[in-house]
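# Notes for the structure review
Residue strings, one per chain:
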Amino acid sequence: MMRRSLLILLLPFALTAADHWVKFASGPFQVFTDAGTRAGRETLVCFEEFRHAVGEVVGEPNLQTPLPVRILVFKNAQGWTTSDAIGEGRASYNIVLDEKAAGKGAASPAVYAALTRLFLQANTAQMPPAFEHGLVEFFSTYEVKGIHITVGAPPPAADLDWARIHLLVVDPDYFGKLRVLLFNLRKGSAEDPAYRNAFNKSSAEVEAQVKQRFADHDIRTTSISSLPMAERDFPEREVSDADARVARADLLSGAQSAAEYRALIRDQVKIAEDWEGLGMLALRDHHNPEAKEHFAAAMAAGSASARCYIEYAKLEPDNAKASQALLKAAGINPKLDEIFALLAQRDTDPDKRLAHWKAAADRNPRNPAYWQALADCYIADHNYDGAAKAFTSGEQAATDPATRDRMHHQRVAVEDQRLEYEEAERRRKAEEDARDLARLKDQARAEVHALEAKYSDGKLPPDQKVVPWWEGPKPPAKVTGSLRQSECLAGSQARLTIVGDDKKIVKLLVTDPSKLSIEGVGELTFRCGAQKARRVTVGYFPKINSRLATVGEAATLAFQ
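Residues numbered from 1 in each chain as written. Predicted model: local features only at pLDDT ≥ 70, side-chain atom pairs only at ≥ 80, totals over all residues. Heavy atoms only, no water.

## Things to note about the environment of Asn 288
With respect to the helices and strands, the residue Asn 288 is situated in helix H13 (residues 288-300). Judged by its relative accessible area of 35%, Asn 288 is partly exposed. Asn 288 sits 24 residues away from Tyr 312 along the chain, and the two C-alpha atoms are 9.8 Å apart. Ignoring sequence-local partners within four residues, the contact set of Asn 288 consists of Leu 283 and Leu 315. (Helix = DSSP H or I, 4+ residues; strand = E, 2+ residues; numbered from the N terminus. Buried < 20%, exposed > 50% of the residue type's maximum accessible area, 1.4 Å probe, protein only. Contact = heavy atoms within 4.5 Å.)

## Remarks on the sheet that holds strand S1 (residues 22-26)
Read from one edge to the other, the open sheet built from six strands follows the order S4-S5-S3-S2-S1-S9, with strand pairing classed as mixed. Two strands close off the open sheet at either side, each with one partner strand: strand S4 (87-88) and strand S9 (237-238). Summarising the sheet, strand S2 (residues 29-33) and strand S3 (residues 69-74) pair through five bridges and their orientation is parallel. Opposite Phe 32, over in S3, you have Leu 72 as the bridge partner. (Pairing = 2+ DSSP bridges.)

## Quick word on the sheet that holds strand S8 (residues 222-224)
Note on sheets: strands pair through backbone hydrogen bonds, and any given pair is parallel or antiparallel. Read across the open sheet, the three strands follow the order S6-S7-S8; overall the sheet is antiparallel. The open sheet has two edge strands with one neighbour each: strand S6 (143-145) and S8. The mean inter-strand angle of the sheet, taken between neighbouring strand axes irrespective of direction, is 35 degrees. Bridge count for S6 against strand S7 (residues 148-151) is three bridges, and the pairing is antiparallel. When the bridges of S7 are listed, Glu 143 appears paired with Thr 150. (Axes fitted to C-alpha atoms, helices over the stretch in contact; angles between N-to-C directions.)

What follows is the structure, encoded as structure tokens:
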């Protein structure tokens, strides 16, 4: 009797010979079903039209998700369920439908609401919470018959957020420009300018119309242009017994899933997936050491799931091992922001940490914590423009007023930090220049003292000549040739034209004639204008002046 009871108990965990599973796929959706091909195809058409409808309204034509959305249509669910309308399983988001719901081509309002939220989070920047809530409520009552989409039916607890989206979608005067409004809001525009840009009306004018229609119970439905498709557009794919069992266990339905995974391990089927699934269940029950062992076993079996490596890394205290696991996860699914956030938390190199936080924020711009961490990295690198932009994005991403205000004040404070840093840098540079100058003076004095000591008896060694004392400028470049012209310019400046010994013409600027050191033989002066050919050597500091066509500033002039 006991043996018979045990057999009956195990029956729900095994697929019978009569079970025939097929799969249909399109976009992010995967439909697994044992309820027949018609139910599978109708379900996929329903969800693809839903994806299209949401995309039409928000202005994103090809909505995607970070993980596949797996929809299991059961002929008899036998207790296989998800904890939420859309549950996150081992390597996919999961939706469970029964054959009757699939036959109607519809899921529950909770499923449509959760899927709308998922699409917004994965594809758009944060909009004001009232608009996001309104979109979720609006699409929760989505209906489709074949490919005919109907929207606008009120949810059980309709509110002004729902009514606002209802007006903007159902009223043709607004619907054609709704994308413009939502685009501007996603870019961080204030509501009133966004309304005026889209509808040439103030937000107050539109809001008054929303309230009036809501008070009048002016509720109507409308259709949204559908995506042309038919059930036959989606080819049927056979699902093996092992794949069906893993897909079912991946719902992570507690002990039922654990038993299925262990049965598959005994059968030596899908070993990596089974160990990972057991790891997810252990993690959910807060059995972390056990979970780590399971994830390590899945990795050893060649897991191709990014989630396996991510969860292992979170449990692994060894920095090198954890980072290696995270890099493996990034190679499998580079769309997951959590990978880069975990890398940033573990990396000690400032440049790499900044790059990781930027990658995380780019992949999930709705997470204000990412923008905060990125801004902190920019500030540490003294990149205050980058920090200000990060705080601006964080302010937009924040949904609670306290976080939004904190981001705003930090963005304002960045400008003061920039000014303080620039002033400190100016002081540091001035002090550094002063130290360099003092060092050069000390070095020059030491050289003078050394010369004085060397020649203090007034006698020169027989092989040395008297070196004339010189304290004038020491320009690094010189030109020797014939001085042909001196042009007087504004501000007491002058321009000298010399034809060099190599026949090349060199023009030099005299910025202050009183500081030009002149020496040599004969008359040591010259006037503005053409010069009698006089042989000279002019020392100069190279400095191109495109406006005056000079190549340097003259410092010394020696007549020969």
